[in-house]
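Notes for the structure review
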Amino acid sequence: MPAKKVVSKESIIEAALGIVRKEGIEGLNMRTLAKACNCSTQPIYLSFNGADELKSEVKKRIIEIYRDYRKREIALNAYPEFKAVGMSYIRFAKEESQFFKYLFMRNRSEEKYDEMESEFQTETSVLTNLYNIKGNLANQLHIHMWVWVHGIATMYATGYLNWEWQTVSDMLTDAFMGIKSHLEK
């Protein structure tokens, strides 16, 4: 008779997220996870075919959490949609620094495709729809702003700064207006 699962797959994923949230992905291994779940490693291996599958599921959940940040920021209607996406990216880095580091501050040179790549086209189309900026200009503006936003987010994620939120908003507006003006010439 097969072994009975005592710990649910969902509770294992939640415990794994808790570990990553506190210690980063480097802190996640089967032993620390088993300890967090108050079980042996057996229930974990019954739910996942090894650490790679577990980490893949954790990554999917972290992407969902990031996308929820985006949806909430856009739904607030405090900023135009393109700016709201940037603000949510920075907020995610500030509030979920280990998740941010895992998604956006790791070596991806060996990865074939990243789930986040499709987001680039979405933001570029937002520029087209909101500001009637098309083609290469939309791509260039988005790339420039992404680098700017990523820089601020990285400084939050690493604890380098903790500016007032209005300062961040003003900086994004200034950068957007300046880069847009420069690229339109």
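The rules behind these values
Residues numbered from 1 in each chain as written. Predicted model: local features only at pLDDT ≥ 70, side-chain atom pairs only at ≥ 80, totals over all residues. Heavy atoms only, no water. Core = buried A, V, L, I, M, F, W, Y, C linked by side-chain atoms within 4.5 Å. Buried < 20%, exposed > 50% of the residue type's maximum accessible area, 1.4 Å probe, protein only. Helix = DSSP H or I, 4+ residues; strand = E, 2+ residues; numbered from the N terminus. Contact = heavy atoms within 4.5 Å. Salt bridge = Lys/Arg side-chain N within 4 Å of Asp/Glu carboxyl O. Phe/Tyr/Trp six-rings, centres within 6.5 Å; stacked < 30°, edge-to-face > 60°. Lys NZ or Arg CZ within 6 Å of the ring centre and 35° of its normal. Disulfide = S-S within 2.5 Å. pLDDT = per-residue confidence, 0-100. Axes fitted to C-alpha atoms, helices over the stretch in contact; angles between N-to-C directions. Parallel < 35°, antiparallel > 145°, perpendicular 65-115°, else oblique. Left-handed = near helix turned anticlockwise from the far one by under 90°. Nonpolar A, V, L, I, M, F, W, Y, C, P; charged D, E, K, R; others polar.

1. Side note on the nonpolar core
The biggest cluster of nonpolar side chains holds 54 residues, and the ones touching the most others in it are L28, L33, L54, I62, I90 and F92. Elements with a contribution of two residues or more to this core: α1 (9-23), α2 (30-36), α4 (51-76), α5 (81-95), α6 (97-104), α7 (117-131), α8 (135-157) and α9 (165-184). The greatest single-element share of this core, amounting to eight residues, is contributed by α8. For F92, the residues in contact, after removing those within four places along its chain, are I62, I65, Y66, Y69, S97, F99, F100, L103 and F104.

2. Comments concerning the environment of F99
Assignment of secondary structure puts F99 in helix α6. Spatially, the C-alpha atom of F99 lies 21 Å from that of R31, the residues being 68 residues apart in sequence. When neighbours within four sequence positions are excluded, F99 is seen to be in contact with L17, V20, R21, I62, I65 and F92.

3. Notes on the pattern of salt bridges
Tallied over the full model, the rule gives nine salt bridges. Of the charged contacts, one joins K180 and E184 as a salt bridge, the two residues approaching to 3.1 Å between their closest N and O atoms. One end of the pair, K180, and the other, E184, are both in helix α9, four residues apart, so they sit about a helical turn from each other. Judged by its relative accessible area of 44%, E184 falls in the partly exposed class. Shared partners join several salt bridges into a network, and the residues in it are E10, E14, R61 and E64.

4. Quick notes on the packing of aromatic side chains
Summed over the entire model, instances satisfying the criterion amount to eleven aromatic pairs. Here Y66 and Y89 contribute two aromatic rings whose centre-to-centre distance is 6.2 Å and whose plane-to-plane angle is 85°, an arrangement assigned as edge-to-face. On the criterion of sequence distance, the pair formed by Y66 in helix α4 and Y89 in helix α5 is long-range, its members being 23 residues apart. On the basis of relative accessibility, which here comes to 4%, the residue Y66 falls in the buried class. Grouping aromatic residues by their ring pairs yields a cluster made of Y66, Y69, Y89, F92, F100 and F104. Over the aromatic face of Y69 sits the side chain of R72, whose NZ or CZ is 4.8 Å from the ring centroid. Across from the ring centre of Y102, 5.1 Å away, lies the NZ or CZ of R106, which sits over that ring.

5. Thoughts on the state of the cysteines
With the rule as written, the count across this model stands at zero disulfides. Cysteine C37 is unpaired, with the sulfur of C39 as its nearest cysteine sulfur at 4.8 Å. You can call C37 buried: its relative accessible area is 15%.

6. Examining the confidence of the model for the protein
Low-confidence regions, as indicated by low pLDDT, have predicted coordinates that should not be scrutinised in detail. This prediction gives the protein a mean pLDDT of 91; 94% of its residues lie at or above 70. When mean pLDDT is taken per element in the protein, α1 scores highest with 97 and α7 scores lowest with 78.

7. So, the packing of α6 against α8
Closest axis-to-axis distance for the α6/α8 pair is 9 Å, and the angle between their directions is 135°. By the angle between their axes, α6 is oblique relative to α8. Relative to α8, α6 is oriented so that their crossing is left-handed. Residues S97, F100, K101 and F104 of α6 touch α8, and the partners they reach there are H150, A153, T154 and A157. Residues that form the contact of α6 with α8 fall into these classes: four nonpolar, three polar and one charged.

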